[in-house]
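# Architecture at a glance
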Amino acid sequence: MYFRGKALFWLPLCLLIVLFGCESNHPDSAPAGVARGEYDRDEGSPDSSDESIAPQRPIVLGFSQLGTESDWRNANSLSVKEAAKEAGIELLFENAEQSQEKQFEAIRGFIDKKVDLIAVAPVVQSGWDDILKEAQLAGIPVIIVDRAVDILDASQYVTLIGSDFYEEGRKAGKYLLDKMANSPGPVGIVELKGTAGSTPSIDRGRGFHDTIGEQSKFRVLKSEYVDFTHERGREVMRSLLQELGEEIQVLYSHNDDMALGAIEAIEEYGLRPGKDMIIISVDGTRKALEKMVQGKINCVVECNPLLGPNLMQAVNELMEGRTLPKRIVTPETVFTEVTAEREVHNRKY
Ligand code: GYE
């Protein structure tokens, strides 16, 4: 009787221990807590359909940013950081200071840490096949941000979030066609291009040249690769003025920082930017619009750096198993002398 009575007491207890003991070793059980740094995705997060398990750990996103060369870039970085914080996404942020090799190192570091996703703002288009293959083999999805990559296998990234730089170049060209509609020509143009091999430099150039090429009166006297920085914009414009002087009637700059540096060189030379020389730029920073209000820049084509919210939405949708379009284009406009006064106070960067 004793044994049977006891058995009636101990047997259910043993069954409970066996059951919960197995349960705690179940591969889908919530990990005690994801250690900072080593994000072992193999333990995975608990099955989201089972509400009884501890809340899931934050999504971990590795972001390789290309540099800090311009106000646009700094606004882009801030937008990504703020959006990640807002979305509760753990952001590992690596700044490559214009070095593609450092971007490769950062991506390998993200792979070693087994992050959930990787985002890259590629400094130049070429050279990405091998590193994206490494991420693909590691089973980590990659999102391209801002500039594009030129690779053989497009399955190595999920989507590209950024501007249509070719259209930006066309908008700059169309402004000039309208501005010079009544000029018989010839119209001498100099072009300050961005980083050689980068998507904005390639496509803003193509869009502009395709548009003005329709009229023979436009002559591109010089087209120089610069690096999107204020300092180099000033230096290169100084040398162009020494070489060409007042033959230059138009400056087309691929970003505001180079245009602002060039304006300093133009004024040093004794000319009035925006009057003696038409100034066309791209980005739409507050500093550029302030110069436009002063009459020193005639046209700024907007390029939106605030890609953070778009990126975090894409990250969340991807983690929920949803499919994304291969291309997510940011809406943009054109600022002219007419709209500058109204817009300058709206600029967040
Ligand atoms: O125009 C420039 C930045 O990739 C669109 O890079 C971006 C460009 C932007 O340095 O200011």
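Residues numbered from 1 in each chain as written. Predicted model: local features only at pLDDT ≥ 70, side-chain atom pairs only at ≥ 80, totals over all residues. Heavy atoms only, no water.

## Some details on the sheet that holds strand S5 (residues 159-162)
One open sheet holds the six strands; their spatial order is S2-S1-S3-S4-S5-S11, and the pairing between them is parallel. Sheet topology places strand S2 (90-95) and strand S11 (327-329) at the edges, where each strand pairs with a single neighbour. The mean inter-strand angle of the sheet, taken between neighbouring strand axes irrespective of direction, is 20°. One ladder, built from three bridges, connects strand S4 (residues 142-145) with S5; its direction is parallel. Bridged to Ile-144 within S5 is Leu-160. This element, helix H3 (residues 100-112), spans strand S1 (60-65), S2 and strand S3 (117-120) of the sheet and lies at about 170° to S1. (Pairing = 2+ DSSP bridges. Helix = DSSP H or I, 4+ residues; strand = E, 2+ residues; numbered from the N terminus. Axes fitted to C-alpha atoms, helices over the stretch in contact; angles between N-to-C directions. Contact = heavy atoms within 4.5 Å.)

## Here we look at the site of the ligand
In the vicinity of the ligand, 13 residues are found, and the nearest of them are Glu-69, Asp-146, Arg-147, Arg-204 and Asp-283. Here an oxygen atom of the ligand and a side-chain polar atom of Glu-69 are 2.4 Å apart. Interatomic distance of 2.8 Å between a side-chain N/O atom of Arg-147 and an oxygen atom of the ligand. Its free accessible area being 300 Å², the ligand has 100% of it covered by the protein chains. Here the ligand occupies the largest cavity. Within the residue set of the shell around the ligand, elements represented by two or more residues are helix H2 (71-87) and helix H6 (199-212). Domain assignment of the residues forming the shell around the ligand places at least three in each of domain 1 (60-163 + 306-331) and domain 2 (165-303). (Near = heavy atom within 4 Å. Polar contact = N/O pair within 3.5 Å; in protein donor to acceptor, adjacent residues only side chain to side chain. Areas by Shrake-Rupley, 256 points an atom, 1.4 Å probe, with all protein chains shown as cover. 1 Å grid on protein atoms, 1.4 Å probe; cavity = no way out; pocket = protein on both sides within 12 Å on 5 of 7 lines; lining within 4 Å. Sits in = over half its atoms within 2 Å of the grid points. Domains from an automatic or database assignment.)

## Focus on the pattern of salt bridges
Taken as a whole and assessed by the stated rule, the structure comprises 23 salt bridges. Arg-147 serves as the salt-bridge partner of Asp-146, at 3.8 Å between the closest nitrogen and oxygen. In this structure, Asp-146 and Arg-147 share a single accessibility class: buried. Salt-bridge contacts for Glu-268 lead to Arg-238; the nearest nitrogen and oxygen are separated by 2.8 Å. A residue pair is termed long-range when its members are at least 10 positions apart, and Glu-268 in helix H8 (residues 256-269) and Arg-238 in helix H7 (residues 230-244) qualify at 30 residues. One salt-bridge network, in which partners are shared between bridges, spans Glu-69, Arg-73, Asp-146 and Arg-147. (Salt bridge = Lys/Arg side-chain N within 4 Å of Asp/Glu carboxyl O. Buried < 20%, exposed > 50% of the residue type's maximum accessible area, 1.4 Å probe, protein only.)

## Re H2
Helix length check: H2 (17 residues) gives 24 Å between terminal C-alpha atoms against 24 Å at 1.5 Å per residue, within 8%. Within H2 the residues assigned to the buried category are Trp-72, Arg-73, Ala-75, Asn-76, Ser-77, Ser-79, Val-80, Ala-83 and Ala-84. Buried residues along H2 sit against S1, S2, strand S9 (278-283) and helix H10 (308-319). Taken from the residues just after H2, Gly-88 is the one with a positive phi, measuring 70°. (Expected span 1.5 Å × (residues − 1).)

## Digging into empty space enclosed by the protein
Taken as a whole and judged by the stated rule, the model has one cavity of 30 Å³ or more. The volume enclosed by the largest cavity comes to roughly 100 Å³. Forming the walls of the largest cavity are 13 residues, and the residues nearest its centre are Trp-72, Arg-73, Arg-147, Arg-204 and Asp-283. The set of elements that each furnish at least two residues to the lining of the largest cavity consists of H2 and H6. The two domains that each donate at least three residues to the lining of the largest cavity are domain 1 (60-163 + 306-331) and domain 2 (165-303). (Points joined across faces, edges and corners; volume = space filled by probe spheres on them.)

## Quick look at the confidence of the model for the protein chain
Atomic detail in the predicted coordinates should be set aside for any region of low pLDDT. Predicted confidence across the protein chain gives a mean pLDDT of 88, with 84% of residues reaching 70 or more. Confidence drops under a pLDDT of 50 for residues 1-7, and excluding neighbours within four residues, the segment shows two contacts in the predicted structure. Low pLDDT, under 50, characterises residues 17-38; the predicted model gives this stretch 18 contacts beyond four residues in sequence or across chains. (pLDDT = per-residue confidence, 0-100.)

## A closer look at the nonpolar core
Residues Met-237, Leu-251 and Met-277 are the most contacted members of the largest nonpolar core, which totals 28 residues. Mapped by element, the contributors of at least two residues to this core are strand S6 (187-193), H7, H8 and helix H9 (286-293). Counting residues per element, this core draws most heavily on H8, at six residues. Beyond its immediate stretch of four places on either side in the chain, Met-237 contacts Val-190, Ile-248, Leu-251, Ala-262, Ala-265, Ile-266 and Met-277. Of all hydrophobic cores here, the second largest spans 24 residues; its members include Ile-59, Ala-84, Val-145 and Met-312. (Core = buried A, V, L, I, M, F, W, Y, C linked by side-chain atoms within 4.5 Å.)

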